[in-house]
Amino acid sequence: MTYQTLETLRFDNRFIHELPADPETENYCRQVMRACYSFVKPTKVSQPQLIAYAKEVAEILNLTDEECESPDFEQVFSGNRMLKGMTPYATCYGGHQFGHWAGQLGDGRAINLGEVINQQGERWVLQLKGAGQTPYSRRADGLAVLRSSVREFLCSEAMYHLGIPTTRALSLTLTGEEIVRDMFYDGNPKLELGAVVCRVAPSFTRFGNFQIFSARRETDVLQQLVDYTIRTDFPHLGEPSPEVYLNWFHEVCQRTAELIVHWMRVGFVHGVMNTDNMSILGLTIDYGPYGWLDNYSSDWTPNTTDAEGRRYCFGNQSHIAHWNLAQLAQTIYPLIEKAEPLQSILDSYVKEFERGWRKMMSQKLGLNTFEPATDETLVTELLAILQLVETDMTIFYRQLALIDTEVESSSNINGVTLMEPIMDAYYQPTQLTNDNVKRINNWICSYIERVRHAGISNETRRMRMNSINPNYVLRNYMAQLAIDKAEQGDNSMINELLELLRYPYDEQSKKQEYAAKRPEWARHRAGCSMLSCSS
């Protein structure tokens, strides 16, 4: 591989060359018609300071550590300096928010710097989040605070190393500015440190990018964007045509199903699955009030705005993805003018998700395959016992691997003894009643019987389970501790967590405190449980 300097990065910028631009070049908030984007420059900042960067993302761009640690890097990825070939812009999109059409939204605090073609010929879009006002900022300032930026930076990379499709994060930079934010929208604003994250992805195109043109009946622009997306991001489908549009929609459905299965596998809750937060590539995008299940609960949401309706709760994510795909189907209907094939593809999403879910659950249990005759009941009962008392999902699955399935007669073993390997997963073990213990013990016996029947050794099963059930996830309290330190000028924990989360499936002997349950002090503390959309 040939390494690049910032000055030798090769920008292609195909998006702005092939799609219609907003003719107005002044940066003020407005409705942007018949355009896919608006040219806009990042707001310059007073004192950029690089806090952290992801080496793996730098390598994608063929940049060395030395280049990333240079003063120029701080200037470029805070938005202060444009490299040759950069032509910054913000995209126009709409979306359904909490089930209601919200009209024009757009990149309100994200500015694309350009599209880099790396040494491998891959296209990567560089995007600054928190770089200032755009025509789509509405009543906001387009800036971001350190709190939300740390969470986005760390989670982007944590998800990647978990094997989950995601946008990436190259860098996290302080701006030297202070920004007023009302974290819980409760009339108590305060000054917070400003920051910018450089996000990286093959494309940041969302369902909402297409929706806005369909809603406005700008069908010609809609077709331009769909054709561009197929030619650029789905070239294997061939030249755009009504048939190819259907094949494209089918692939979007498949990718989305795969993504949600991954979220469910690790206990991730996105928190704001609006259509403008759904990636056309099936990537996790826009890390706002996300969260990881500590105690397993299918109706848990990390989003304070969603606390009453729980539209975007953990157990509802597959249904919401299906609903969002239905909105995309309606959006592209004018290009196809046949409802039946679109509906058929939508129906295939349900089957695709169910197939992926079953395979994933069998893998989490270390089984060879999902056998409906036995495993439907096994998994249904498993999800029920996880909710009998507060049970840490991550620890439960990890410790379940330690159960001895080669024991001669599990039915003769005392229930508590049989449960011993998983006891660390319970937040309030004293709440385990005799009936709870009996029920959990019965499930473990059924599980052992299933594994023994399949002829799977302890060694094989444990290896399988530990490769898919993480030992470490980015629990909200961990991110909040890093934020607390960074707000006091100590960035060490951000980099410590970044290193920890590079190896989420490993036993890291010196980092086992991060594999433990959420501490009791974090149960209701701000930032450690639920968060607002400004988080």
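All of these numbers come straight from a predicted model, not from anything done at the bench.

Quick notes on the rules
Residues numbered from 1 in each chain as written. Predicted model: local features only at pLDDT ≥ 70, side-chain atom pairs only at ≥ 80, totals over all residues. Heavy atoms only, no water. Helix = DSSP H or I, 4+ residues; strand = E, 2+ residues; numbered from the N terminus. Rg over C-alpha atoms; globule rule 2.2 N^0.38 Å. Buried < 20%, exposed > 50% of the residue type's maximum accessible area, 1.4 Å probe, protein only. 1 Å grid on protein atoms, 1.4 Å probe; cavity = no way out; pocket = protein on both sides within 12 Å on 5 of 7 lines; lining within 4 Å. Points joined across faces, edges and corners; volume = space filled by probe spheres on them. Nonpolar A, V, L, I, M, F, W, Y, C, P; charged D, E, K, R; others polar. Polar contact = N/O pair within 3.5 Å; in protein donor to acceptor, adjacent residues only side chain to side chain. Contact = heavy atoms within 4.5 Å. Salt bridge = Lys/Arg side-chain N within 4 Å of Asp/Glu carboxyl O.

Visitor: Just to check I follow, could you spell out the overall build of the chain for this structure?
Guide: Each helix and strand in the chain was counted, giving 17 helices and 12 strands. Compactness check: the chain gives a C-alpha radius of gyration of 24 Å against a globular reference of 24 Å for 535 residues, within 12% of the reference. Seen along its three principal axes, the alpha-carbon backbone of the chain occupies a region of about 75 × 60 × 50 Å. Put simply, the chain has 535 residues, and 60% of those count as buried.

Visitor: Hey, could you run me through empty space enclosed by the protein in this one?
Guide: Any space left empty among the atoms is revealed by the rolling of a water-sized probe across them. Evaluated as defined, the whole model comprises 1 cavity of 30 Å³ or more. Lining the largest cavity are 18 residues; nearest its centre among them are Phe15, Tyr89, Ser203, Phe204 and Thr205. Its residues assigned to classes, the lining of the largest cavity shows 6 nonpolar, 7 polar and 5 charged.

Visitor: Hey, could you run me through the side chain of Asn476 in this one?
Guide: Tracing the chain through its elements places Asn476 in helix H16 (residues 476-487). Of the polar contacts made by the side chain of Asn476, one reaches the side chain of Arg151; its length is 3.0 Å.

Visitor: Sorry if this is basic, but what is going on with the side chain of Arg206 here?
Guide: Here Arg206 is to be found in the loop between strand S10 (190-201) and helix H6 (207-215). On the basis of relative accessible area, Arg206 is assigned to the buried category, the value being 1%. Within polar-contact distance, the side chain of Arg206 engages the backbone oxygen of Asp276 at 2.7 Å. With residues up to four places along the chain from it excluded, the contact list for Arg206 reads Tyr93, Asp107, Arg199, Thr275, Asp276, Asn277, Met278, Ile280, Ile285 and Asp286.

Visitor: Looking at this structure, I do not really get the layout of surface pockets. What am I missing?
Guide: Quantified by volume, the second largest pocket comes out at close to 370 Å³. Split by residue class, the lining of the second largest pocket holds 7 nonpolar, 8 polar and 7 charged.

Visitor: Can you walk me through the pattern of salt bridges in this structure?
Guide: When the charged atoms of two side chains with opposite charge come close together, those side chains can pair. Counting across every chain of the model gives 32 salt bridges. For Glu507, the salt bridge is made with Arg398, and the minimal N-O distance between the two is 3.3 Å. A residue pair is termed long-range when its members are at least 10 positions apart, and Glu507 in the segment after helix H17 (492-500) and Arg398 in helix H12 (residues 393-400) qualify at 109 residues. A salt bridge links Glu499 to Arg502; its shortest N-O distance comes to 2.8 Å. When its relative accessible area of 38% is taken as the criterion, Glu499 is described as partly exposed. Linked through salt bridges whose partners overlap, the residues forming this network are Lys129, Glu152, Arg199, Arg206 and Asp286.

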